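Listed below are the residues making up each chain.
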Amino acid sequence: MMGMGGGKMKVFIHTDLEGISGGFFDWAEAEMRMGRGIGYTREILTQEVNAAAQGILEADPSAEVVVEDGHGGGYWGPNILCERLDPRVRLLVGKFNRHLVSIDRGYGLFMMVGAHSMAGTPQGLMNHTLSAAKYLNFLINGVTVGEIGICTAIAGYYGVPLAMVSGDHWAVLEARTLQPNVRGASVKKGISRYNAECVATEAACGMIREAAREAVANAGEFRPYVVEGDVKVRIDYMQTDQADDSELKRGARRLDGRSVQFEGTDLIEVLSRFVTT
C-alpha cells in the first residue's frame, strides 16, 4: 500500500471520547463526578485505538500509524494511555488550537475513533459540535457539519480521504454523507442524547480492527472531501454574547444576533482565525 505521494502508507487517526464503547454516556463520568471516571474512558479509548492500529497493520505491515489525542487537546491530561499503546503507533498530544494540526500530504488515509454526531442529531448520544455549551450550528460553504465534517474537510484540504469511522451509529451515518463508502464500526447506538445501546468492548474492538483492515485493503477507492471555491464558515452560537466575542476576531462578519461568518480563500487560514477545539 502506498501513500498519496508514493512510498510507505501513512495513516492519521483522530480520536474523541464520546463515541467509545462501554458505559460512557454523560460528560460527568469523564469528569470523575460519577461512574468510573476518566481512567475508565482512557482505558477503553486506548484499547480501541490499538484495535484500529492492528487492523491497519494487518492489511499493510509496513504502514505508519500516527494518532492524535483529539478530545479537547487533553485539557484534563492525555486521553490515551501511552504506556498501553501499541508500540508501532506514534502519539500526538497537546492543547491544539484546531483538529489535525500535523496532518499533511504525506498521509494516505484518515480515520476517526470514538466519534460522535453533530449538534442537533435527534438520537445522537452526547451530540454536539466542538462545544456543547457554545455552538448551535457550524456550516462550511452552506453545509452543516459536525466534528466529523470539520476534520474530513481539513484532511481533504491536504488530499487525504476519510476511510474509517468508529463511534456512535449516528456518527457513522453522518460520515457517510461525506464519504459514502467509508468503513464504519458502530460500537454504540444512541437512543437519545444521554442513552445508548452499547456493544461490549471486546466485540467493539473486533469491529474496529476489521473496519480499519478493510479500509487499508481498499485504500484506492477513497477520495478526499474537498471544499471547493472560496470558503465561508458560518457559526450559529448558543448565546448572543458568544457571537459578540466572535465578531471581534479578524475577518468576522456579524449576520444576526447569534451568527457570525468568516470568509477567505483558504480553508485552514479561515479555520485558524478562531479556536475550534
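Residues numbered from 1 in each chain as written. Predicted model: local features only at pLDDT ≥ 70, side-chain atom pairs only at ≥ 80, totals over all residues. Heavy atoms only, no water.

Draft legend 1. Just the overall build of the chain, in detail. Counting its regular elements, the chain contains 7 helices and 12 strands. Residue pairs in contact within the chain that sit at least 24 positions apart in sequence constitute 68% of those at least 6 positions apart. Per element, the accessible surface of the chain, about 11200 Å² overall, is 51% carbon and sulfur. (Helix = DSSP H or I, 4+ residues; strand = E, 2+ residues; numbered from the N terminus. Contact = heavy atoms within 4.5 Å. Areas by Shrake-Rupley, 256 points an atom, 1.4 Å probe, with all protein chains shown as cover.)

Draft legend 2. Broad picture of the sheet that holds strand S10 (residues 231-237). Reading across the sheet, the 5 strands line up as S6-S5-S10-S12-S11 and stay open at both edges, with antiparallel pairing between neighbours. Edge positions in the open sheet fall to strand S6 (143-144) and strand S11 (252-254), since each of these has one partner strand only. In this fold helix H6 (residues 240-247) packs onto S10, S11 and strand S12 (259-264), with an angle of close to 140° to the strand it touches most, S11. (Pairing = 2+ DSSP bridges. Axes fitted to C-alpha atoms, helices over the stretch in contact; angles between N-to-C directions.)

Draft legend 3. Representation of unusual backbone geometry within the structure. Of note, Met126 is a non-glycine position whose phi angle comes to about 50°, a positive value. The backbone of Leu130 sits at a positive phi, close to 70°, despite the residue not being glycine. When its relative accessible area of 11% is taken as the criterion, Leu130 is described as buried. (Buried < 20%, exposed > 50% of the residue type's maximum accessible area, 1.4 Å probe, protein only.)

Draft legend 4. Geometry of the pairing of strand S1 (residues 10-15). In terms of residue burial, S1 counts as a mostly covered element, since 6 of its 6 residues are buried. A two-sided burial pattern is seen for S1, the buried positions comprising Lys10, Phe12 and His14 on one face and Val11, Ile13 and Thr15 on the other. Pairing analysis gives 5 bridges linking S1 to strand S4 (residues 109-115), with the strands arranged parallel. Along S4, the bridge assignment pairs Phe12 with Phe110.

Draft legend 5. Summary view of the environment of Gln242. Structurally, the position occupied by Gln242 is in helix H6. For the pair Gln242 and Ser259, spaced 17 residues apart in the sequence, the C-alpha separation amounts to 9.3 Å.

Draft legend 6. A look at the sheet that holds strand S8 (residues 183-192). Read across the sheet, 7 strands follow the order S3-S2-S1-S4-S7-S8-S9 without closing on themselves; strand pairing throughout is mixed. Of all strands in the sheet, those with a lone pairing partner are strand S3 (89-92) and strand S9 (195-198), marking the two edges. Averaged over all adjacent pairs, the angle separating strand axes in this sheet is 25°, with direction ignored. Summarising the sheet, strand S2 (residues 64-68) and S3 pair through 4 bridges and their orientation is parallel. Within the sheet, the bridge partner assigned to Val65 lies in S3 and is Val89.

Draft legend 7. Here's a closer look at the packing of aromatic side chains. Taken as a whole, this structure holds 5 aromatic pairs when the rule is applied. Here Tyr135 and Phe138 contribute two aromatic rings whose centre-to-centre distance is 6.4 Å and whose plane-to-plane angle is 65°, an arrangement assigned as edge-to-face. Per residue, the accessibility class of Tyr135 equals that of Phe138, and both read buried. Pairing Tyr157 with Tyr158 gives two aromatic rings, centres 4.8 Å apart and planes at 80°, and the pair type is edge-to-face. For Tyr158, a relative accessible area of 18% corresponds to the buried category. Members of the aromatic cluster, each reached through a chain of ring pairs, are Phe12, Tyr107 and Phe110. One cation-aromatic arrangement involves Lys10 over Tyr107; the distance from NZ or CZ to the ring centre is 4.4 Å. (Phe/Tyr/Trp six-rings, centres within 6.5 Å; stacked < 30°, edge-to-face > 60°. Lys NZ or Arg CZ within 6 Å of the ring centre and 35° of its normal.)

Draft legend 8. Seen up close, the environment of Tyr158. Tracing the chain through its elements places Tyr158 in the loop between helix H3 (147-157) and strand S7 (162-168). Here the alpha-carbon distance between Tyr158 and Gly108, two residues 50 residues apart in the chain, equals 9.9 Å.

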